[in-house]
Amino acid sequence: DSGVTQTPKHLITATGQRVTLRCSPRSGDLSVYWYQQSLDQGLQFLIQYYNGEERAKGNILERFSAQQFPDLHSELNLSSLELGDSALYFCASSASPGTGTNYGYTFGSGTRLTVV
Amino acid sequence: AQSVTQLGSHVSVSEGALVLLRCNYSSSVPPYLFWYVQYPNQGLQLLLKYTSAATLVKGINGFEAEFKKSETSFHLTKPSAHMRDAAEYFCAVSMEYGNKLVFGAGTILRVKS
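Remember, predicted model here, so these are calculated numbers, not experimental data. (Residues numbered from 1 in each chain as written. Chains lettered and ligands numbered in written order. Predicted model: local features only at pLDDT ≥ 70, side-chain atom pairs only at ≥ 80, totals over all residues. Heavy atoms only, no water.)

Draft legend 1. Local environment of the sheet that holds strand β7 (residues 64-68) of chain B. All names here are of chain B. The strand order across the open sheet formed by 5 strands is β1-β3-β8-β7-β6, and the pairing between neighbours is antiparallel. The sheet terminates laterally at β1 (3-7) and β6 (56-58), the two strands that pair on one side only. Taken pair by pair, the neighbouring strands of this sheet meet at an average axis angle of 20 degrees, ignoring direction. Note that β7 and strand β8 (residues 73-78) share 5 bridges and pair antiparallel. Bridge pairing in β8 links A65 to L76. (Pairing = 2+ DSSP bridges. Helix = DSSP H or I, 4+ residues; strand = E, 2+ residues; numbered from the N terminus. Axes fitted to C-alpha atoms, helices over the stretch in contact; angles between N-to-C directions.)

Laid out in structure tokens, this is it:
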């Protein structure tokens, strides 16, 4: 167990639908990152939140959105789903730099989304 | 912007042979560098990281990597491959800790008995 929890592990849904993926970061980590892993695109950075605020944006589609809540968990919302959105979605977390930081990024086990 | 190139999408070695997985990065500043391993149907597990301390970094499962600034490389090695090392390996870079990780395309390691 990495300490980063993602739910659900698997999700099958139809085109045009909307889904929400959830991530609980490692205890004490303020940053949450979302990545999409697909066979043709590899591991692509989507978006980062730090202590509730959006910090960086990557190749995230307008149909996708995310937020980080006061308890630091994060949700990735995917809407108007297309077949091409089928992928493994990872969440990672990292601690703030400071005394005792191990400078690691810890990944969850991912949510496998299948759009049919 | 930083980027990572992993030379060889597939590497095949015999059990007991040396493992060498290549990673070159481009970054305008001294980077933070990472190697992750992904076993089938699993998440990403950190093998080791370089954070501007010692240039030779030892990680888990007998892996190590050497940061060579002059070659902008961070190759991953293991003296003797084991069947359980068969997995996909990703090199990643971050310009600053707390920034996003940028990943290479990955190298699938096959270990032959």
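Draft legend 2. Region of the structure containing the interface of chain B and chain A. Residue-level contacts link 19 residues of chain B with 22 residues of chain A. Summed over both partners, the interface of chain B with chain A comes to about 1,700 Å²; 58% of that surface belongs to carbon and sulfur atoms. The largest share of the area that chain B buries against chain A comes from L44, Y97 and K100 of chain B, three residues that together contribute 37% of it. Those elements that place two or more of their residues in the side of chain B that touches chain A are β4 (32-38), β5 (44-50) and β9 (87-94) of chain B. Element by element, the count of residues in the side of chain B that touches chain A is highest for β4 of chain B, at 4 residues. Taken together, the residues that form the side of chain B that touches chain A break down as 8 nonpolar, 8 polar and 3 charged. (Contact = heavy atoms within 4.5 Å. Buried area = accessible area lost by both parts, 1.4 Å probe. Nonpolar A, V, L, I, M, F, W, Y, C, P; charged D, E, K, R; others polar.)

Draft legend 3. Expanded view of the side chain of Q2 of chain B. All names here are of chain B. The topology assignment puts Q2 in the segment before β1. Look at Q2 and you get buried, because its relative accessible area is 12%. Aside from chain neighbours lying at most four places away, what touches Q2 is S26, S27, V93, S94, M95, K100 and V102. (Buried < 20%, exposed > 50% of the residue type's maximum accessible area, 1.4 Å probe, protein only.)

Draft legend 4. Inspection of the packing of aromatic side chains at higher detail. Scanning the model with the defined rule gives 18 aromatic pairs over all chains in all. Relative to Y89 of chain B, the ring of F63 of chain B lies with its centre 5.5 Å away and its plane at 45 degrees, an arrangement referred to as tilted. Of the two residues, F63 of chain B is situated in the loop between β6 and β7 and Y89 of chain B in strand β9; the sequence distance between them amounts to 26 residues. Of the two residues examined, F63 of chain B and Y89 of chain B, each falls in the buried class. It is R55 of chain A that lies over the ring of Y50 of chain A; its NZ or CZ is 5.5 Å from the centre. (Phe/Tyr/Trp six-rings, centres within 6.5 Å; stacked < 30°, edge-to-face > 60°. Lys NZ or Arg CZ within 6 Å of the ring centre and 35° of its normal.)

Draft legend 5. Geometry of the environment of Q36 of chain A. Residues and elements named next belong to chain A. When you line up the elements, Q36 lands in strand β4 (residues 31-38). Taking relative accessible area as the criterion, Q36 reaches 13% and is therefore assigned buried. Taking the C-alpha atoms as reference points, Q36 and S74, separated by 38 residues in sequence, lie 15 Å from one another. Beyond its immediate sequence surroundings of up to four residues, Q36 is in contact with G42, L43, Q44, L46, F64, D85, A87, L88 and Y89. Separated by 2.9 Å, the side chains of Q36 and Y89 make a polar contact. (Polar contact = N/O pair within 3.5 Å; in protein donor to acceptor, adjacent residues only side chain to side chain.)

Draft legend 6. The pairing of β9 of chain B, seen in detail. All names here are of chain B. The buried count for β9 comes to 7 of 8 residues, which makes it a mostly enclosed element. Across 7 bridges, the pairing between β4 and β9 is antiparallel. Paired with L33 across the strands is V93, a residue of β9. Bridge count between β9 and strand β11 (residues 107-112): 3 bridges; the pairing is antiparallel. Bridge pairing in β11 links A87 to L109. Two elements, β9 and strand β10 (residues 102-103), share 2 bridges in a ladder whose sense is antiparallel. Across the sheet, residue A92 finds its bridge partner in β10, namely F103.

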